[in-house]
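Examination of the molecular architecture
Each chain is listed here by its residues.
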Protein chains: 2
Amino acid sequence: MGTTQLESVPEPKYWHLKTVISEALDSEFQVGEILPNERELAARFGVARATLRQALEQLELEGRLQRRRGVGTTVAPPRVGVDVSTAQHRWPGAGDASWQPLDCATTPPPAAVLRLLEADTEPGADAVGSVFAVRRLRATHGQAVAAEQLYVPAASVPGLVPADSPAGPALAHAVLHELQRLPLEGQDRAVELGSARADDARELDRLPGSPVLVVTTRYLSGGRTAAVSVATYRADTCRLTFGDVGDLGIAS
Amino acid sequence: MGTTQLESVPEPKYWHLKTVISEALDSEFQVGEILPNERELAARFGVARATLRQALEQLELEGRLQRRRGVGTTVAPPRVGVDVSTAQHRWPGAGDASWQPLDCATTPPPAAVLRLLEADTEPGADAVGSVFAVRRLRATHGQAVAAEQLYVPAASVPGLVPADSPAGPALAHAVLHELQRLPLEGQDRAVELGSARADDARELDRLPGSPVLVVTTRYLSGGRTAAVSVATYRADTCRLTFGDVGDLGIAS
DNA sequence: TAGTGGTCTAGACCACACT
DNA sequence: GTGTGGTCTAGACCACTAG
């Protein structure tokens, strides 16, 4: 990486800096290679450390860099494609080895989830009081890429009585198993940008507040929302794929 | 006497600040309302302006706030759902009024796009030299939500000769029209986080570098990639939806 | 022209990962 | 202990919008 001083330009320094570093990454660095530390980079470019950090932050947002406290800044590998298509019409936990159930508790659902669960119930129907909240982790190539909270109303798993079910991994498996008994009629998926909650951040090995892609899924059965999944994917390392090409038998 | 580990891990100030402001937004503010300016908010909370800004940045990332230079910080409306499902199997420009063609030029494709265009060609086939680059804008409720660059190799629109086609809006329409003649066999879609390029930012009324959701689509015809679309959605205001519920005739 | 958010500086200290 | 990135401060000036 060169040591050229920044020319005076109308565009912000951090923006120009980002471009310069980005080009250096392409031409002079290998994946996994460690960059000079922030204080040295700032001095080399003749800017304050905060300005240099603004450029690094953007490059990390774009998946070009990875920064770890106490270690350093490294060149990130290309993002991994993670399939999140709804083509297969399967319940969560049905034959997808990348998902690992961790735990389950019974809890009142958050307001946003409650809205999805009750959106299609008739007025006067029983309110959704408490739900099974299954916690799952998704890993690919040994790396955790997503943490999920799956909300299942008791009505969707009539074989399980909340009061009789001690929270824990065993309950998580039981809930997923019971779900398979319902006919799955459709799914509804949305993706948006969010920032990692403290618990998700811990399981994804990120700092709280890191940018994440939040995938919300409604599972439909019997004309109702039988379950709601809120999955949090690492935005720095993941590319979410929705290929439907496989349906048509065309090799990719 | 060992040093007993006191569990009080100091939460970063900006994180706590974010929580406090977030709760205030829920209880004390209406959508569209203007917050006190940053200098006053910082003074009110007893922190430096930079720290206050770190909290506001996260809230803007989550779509809770909207900040405009020279104007102020306002409470953002809920994100709008934008359908990006591939269920309809249609070419771009076929009967979707939300997309508006703007312009078209002939240009060599960027390296990343070239890789997608040539991934499935046989060795020895003609290289993709130059492509039609159609620029489109997507708007909902009068608001621009996405800017797209659609790359169409000349081989996909044999009715058009690059050398004879003056760049401009008319060419954009012509390319989209010619595309319809090909049989569409499938689509391949991916979503990832990015930051807005300068030109996208201008059309989306954002600052360069703003977080965006990048949707990359491959259109397949004749076993080949007939076109590649790179669409940049505003991450602050958009929620991308992939509903396949409509396929099954279930009302949402 | 006045007021806003955006950029930038030059420091300081802290939490964490290595050795 | 040493070195890294993460947080925080108290200023300054700039770019933009609106009255």
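Residues numbered from 1 in each chain as written. Chains lettered and ligands numbered in written order. Predicted model: local features only at pLDDT ≥ 70, side-chain atom pairs only at ≥ 80, totals over all residues. Heavy atoms only, no water.

**Here's the deal with the overall build of chain A**
Within chain A, the regular secondary structure consists of six helices and ten strands. Residues counted as buried form 48% of the 252 residues belonging to chain A. Partitioning the contacts of chain A with sequence separation of at least 6, the portion at a separation of at least 24 is 67%. Accessible area of chain A: about 12100 Å², with a carbon and sulfur share of 52%. (Helix = DSSP H or I, 4+ residues; strand = E, 2+ residues; numbered from the N terminus. Buried < 20%, exposed > 50% of the residue type's maximum accessible area, 1.4 Å probe, protein only. Contact = heavy atoms within 4.5 Å. Areas by Shrake-Rupley, 256 points an atom, 1.4 Å probe, with all protein chains shown as cover.)

**Considering the protein's contact with DNA strand D**
Around DNA strand D there are 26 residues in total, and A:Asn37, A:Arg49, A:Arg53, B:Lys13 and B:Thr51 lie nearest to it. Per the 4 Å cut-off to the protein, sugar and phosphate atoms form 65% of the nearby atoms of DNA strand D. The contact in question runs from a base nitrogen of DNA strand D to an N or O atom on the side chain of A:Arg49, over 2.8 Å. Interatomic distance of 2.9 Å between a side-chain N/O atom of B:Tyr14 and a phosphate oxygen of DNA strand D. Of all the elements, helix α3 (residues 49–61) of chain B adds the most residues to the surface near DNA strand D, at four residues. Its residues assigned to classes, the surface near DNA strand D shows eight nonpolar, seven polar and eleven charged. (Near = heavy atom within 4 Å. Polar contact = N/O pair within 3.5 Å; in protein donor to acceptor, adjacent residues only side chain to side chain. Nonpolar A, V, L, I, M, F, W, Y, C, P; charged D, E, K, R; others polar.)

**Brief notes about the environment of A:Ala167**
All names here are of chain A. Within the fold, Ala-167 resides in the loop between β6 (143–153) and α5 (169–179). Sequence spacing of Ala-167 and Tyr-233 is 66 residues, and the spatial spacing of their C-alpha atoms is 25 Å. The residues contacting Ala-167, other than those within four sequence positions of it, are Asp-103, Cys-104 and Ala-105.

**Some words on the packing of aromatic side chains**
Tallied over the full model, the rule gives three aromatic pairs over all chains. Judged by centre distance (3.6 Å) and plane angle (0 degrees), the ring pair of A:Phe242 and B:Phe242 falls under stacked. Of this pair, A:Phe242 sits in the segment after β10 (238–241) while B:Phe242 sits in the segment after β10 (238–241), placing the two residues on different chains. (Phe/Tyr/Trp six-rings, centres within 6.5 Å; stacked < 30°, edge-to-face > 60°.)

**Overview of the relation of the copies chain B and chain A**
Superposing chain B onto chain A takes a rotation of 180 degrees plus a shift of 0.0 Å along the axis, which leaves an RMSD of 0.1 Å. What the rotation and shift describe, once combined, is the action of a two-fold rotation axis. The share of interface residues of chain B whose copies in chain A are also at the interface is 100%, consistent with both copies meeting through the same surface. (Least-squares fit on C-alpha atoms with pLDDT ≥ 70 in both.)

**Focus: the protein's contact with DNA strand C**
Residues in close proximity to DNA strand C total 27 residues, the closest being A:Lys13, A:Thr51, B:Asn37, B:Arg49 and B:Arg53. Within the side chain of B:Asn37, a nitrogen or oxygen atom sits 2.8 Å from a phosphate oxygen of DNA strand C. Residue B:Glu38 places a main-chain N or O atom 2.9 Å away from a phosphate oxygen belonging to DNA strand C. Secondary structure elements with two or more residues in the surface near DNA strand C: α1 (13–28) and α3 (49–61) of chain A together with α2 (38–45), α3, β1 (65–68) and β2 (72–75) of chain B. For the surface near DNA strand C, the element with the most residues is α3(A), which contributes four residues.

**A short note on the domain arrangement of chain A**
Note: interface size is frequently given as the accessible area lost on complex formation between the parts. All names here are of chain A. Looking at chain A, the domain boundaries give domain 1 (13–75) and domain 2 (80–241). Computed over C-alpha atoms, the centres of domain 1 and domain 2 are 36 Å apart. Facing five residues of domain 1, the contacting portion of domain 2 comprises five residues. Taken together, both faces of the contact between domain 1 and domain 2 bury some 360 Å²; the carbon and sulfur share is 47%. Considering only the surface of domain 1 that becomes buried against domain 2, Glu-60, Leu-61 and Gln-66 emerge as the three largest contributors, covering 66% of it. (Domains from an automatic or database assignment. Buried area = accessible area lost by both parts, 1.4 Å probe.)

**Some points on the pattern of salt bridges**
Inspection of every chain in the model, using the stated rule, returns 40 salt bridges over all chains. Between A:Asp200 and A:Arg135 there is a salt bridge, with its nearest N and O atoms 2.7 Å apart. Taken together, the residues A:Asp200 in helix α6 (residues 198–203) and A:Arg135 in strand β5 (residues 131–140) connect sequence positions 65 residues apart. With respect to class, A:Asp200 is no different from A:Arg135; both count as buried. A salt bridge links B:Arg136 to B:Glu148; the nearest nitrogen and oxygen atoms lie 2.6 Å apart. A residue pair is termed long-range when its members are at least 10 positions apart, and B:Arg136 in strand β5 (residues 131–140) and B:Glu148 in strand β6 (residues 143–153) qualify at twelve residues. Per residue, the accessibility class of B:Arg136 equals that of B:Glu148, and both read buried. (Salt bridge = Lys/Arg side-chain N within 4 Å of Asp/Glu carboxyl O.)

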